[in-house]
Amino acid sequence: MTAFPSFGDVLARLRAVRIVPVITIDDPEDAIPLARALMDGGLACAEITFRTPRAPEALRRITAEVPEMFVGAGTVLTAEQAKRARDAGAQFIVAPGFGPRVVEHCLEHDIPVFPGIATPTEVEAALERGLTTLKFFPAEQTGGLDYLKAIAAPYVDVSFMPTGGINAENVAKYLAFKRVVACGGSWMAPADWIAERQFARIRDAALRATEIARGGIAVAAGVAV
Ligand code: 3PG
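How each quantity is defined
Residues numbered from 1 in each chain as written. Predicted model: local features only at pLDDT ≥ 70, side-chain atom pairs only at ≥ 80, totals over all residues. Heavy atoms only, no water. Axes fitted to C-alpha atoms, helices over the stretch in contact; angles between N-to-C directions. Helix = DSSP H or I, 4+ residues; strand = E, 2+ residues; numbered from the N terminus. Parallel < 35°, antiparallel > 145°, perpendicular 65-115°, else oblique. Left-handed = near helix turned anticlockwise from the far one by under 90°. Contact = heavy atoms within 4.5 Å. Nonpolar A, V, L, I, M, F, W, Y, C, P; charged D, E, K, R; others polar. Core = buried A, V, L, I, M, F, W, Y, C linked by side-chain atoms within 4.5 Å. Buried < 20%, exposed > 50% of the residue type's maximum accessible area, 1.4 Å probe, protein only.

A. Structural view of the packing of helix α4 (residues 79-87) against helix α5 (residues 100-108). Packing of α4 against α5 leaves a shortest axis separation of 8 Å and a crossing angle of 40 degrees. Taken together, the axes of α4 and α5 are oblique relative to one another. Crossing angle aside, the handedness with which α4 passes α5 is right-handed. Side by side, α4 and α5 meet where A79, A82 and K83 of the first sit next to R101, V102, H105 and C106 of the second. Here the contact of α4 with α5 is composed, by residue class, of four nonpolar, one polar and two charged.

Okay, structure coming up:
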């Protein structure tokens, strides 16, 4: 197995990709066509959520067969899942909340980890462990960009990866906030599109997301995504 990227390298890649597709996949047979659709759409990145029993297998296939893809594991709720994710090739770990055992396991094993936070108390729990890039979840439902700006204000060295309710219409405004490293979201590859093998549709939505990430268009005007 090739060496895993460092925390700094992972952060640099997140800053470069700007949009992280959050993937829920049932059938590992769909993993490679999905990865290719995202790549063809310019999104060479994915967070494979551990919400489905065969997510580790999907992750393993992508890391083995599409090594140019920057891929991590999401919805990692236990240290055991974090271990399985790493064994499957995850380059980074994301969690919806601040789980101390997941965080400690990742830090002990040099796995870049982005726990979720939604309150100042959680930001400070992360800071105590030396973590300064955090998932902000659920972004829109918690209060959106205004809330994120308020929570970011006291913690000047902390940056964020907002996820939850983000889509082609609102992602540009999050990306314009300097404290945002990247945004996560499932809008370009929702679980039902994957299950229905709508890979051309996913590629097209990824293309529009890529244009937004590059700042080419603020909103995919008039296009249903
Ligand atoms: C996540 O796990 O980060 C979210 O479920 C993704 O949120 P979204 O489906 O609203 O994009």
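Once you've had a look at it, read on.
B. Just the nonpolar core, in detail. In terms of nonpolar packing, the biggest core is built from 68 residues, with L38 and I93 touching the most fellow members. Here this core takes seven residues from helix α11 (residues 199-213), the largest share from any one element. Ignoring any residue separated from it by four or fewer positions in sequence, one finds L38 in contact with P21, I23, L43, C45, A46, M69, M188, A189, I202 and A206. One finds V10, L14, V20 and M161 within the second-largest nonpolar core, a separate group that totals 13 residues.

C. Structural context of the environment of L43. By secondary structure assignment, the location of L43 is in the loop between α2 (31-40) and β2 (45-49). Taking the C-alpha atoms as reference, L43 lies 17 Å from P162; in sequence the two are 119 residues apart. Beyond its immediate stretch of four places on either side in the chain, L43 contacts I19, P21, L38, M69, M188, A206, A209 and T210.

D. Geometry of the side chain of T52. Assignment of secondary structure puts T52 in the loop between β2 and α3 (55-65). Under the relative-accessibility criterion, T52 is labelled buried at 11%. With sequence-adjacent residues up to four places away left out, T52 is seen in contact with T24, I25 and D26.

E. Looking closely at the packing of α2 against α3. At their nearest, the axes of α2 and α3 sit 9 Å apart, and the two run at 55 degrees to each other. On the basis of their axis angle, the class for α2 and α3 is oblique. Seen from above, α2 lies across α3 with right-handed handedness. Contact with α2, carried on its side by A31, I32, A35 and R36, involves A58, R61, I62 and E65 of α3 and no other residues of that element. Grouping the constituent residues of the contact of α2 with α3 by class yields five nonpolar, no polar and three charged.

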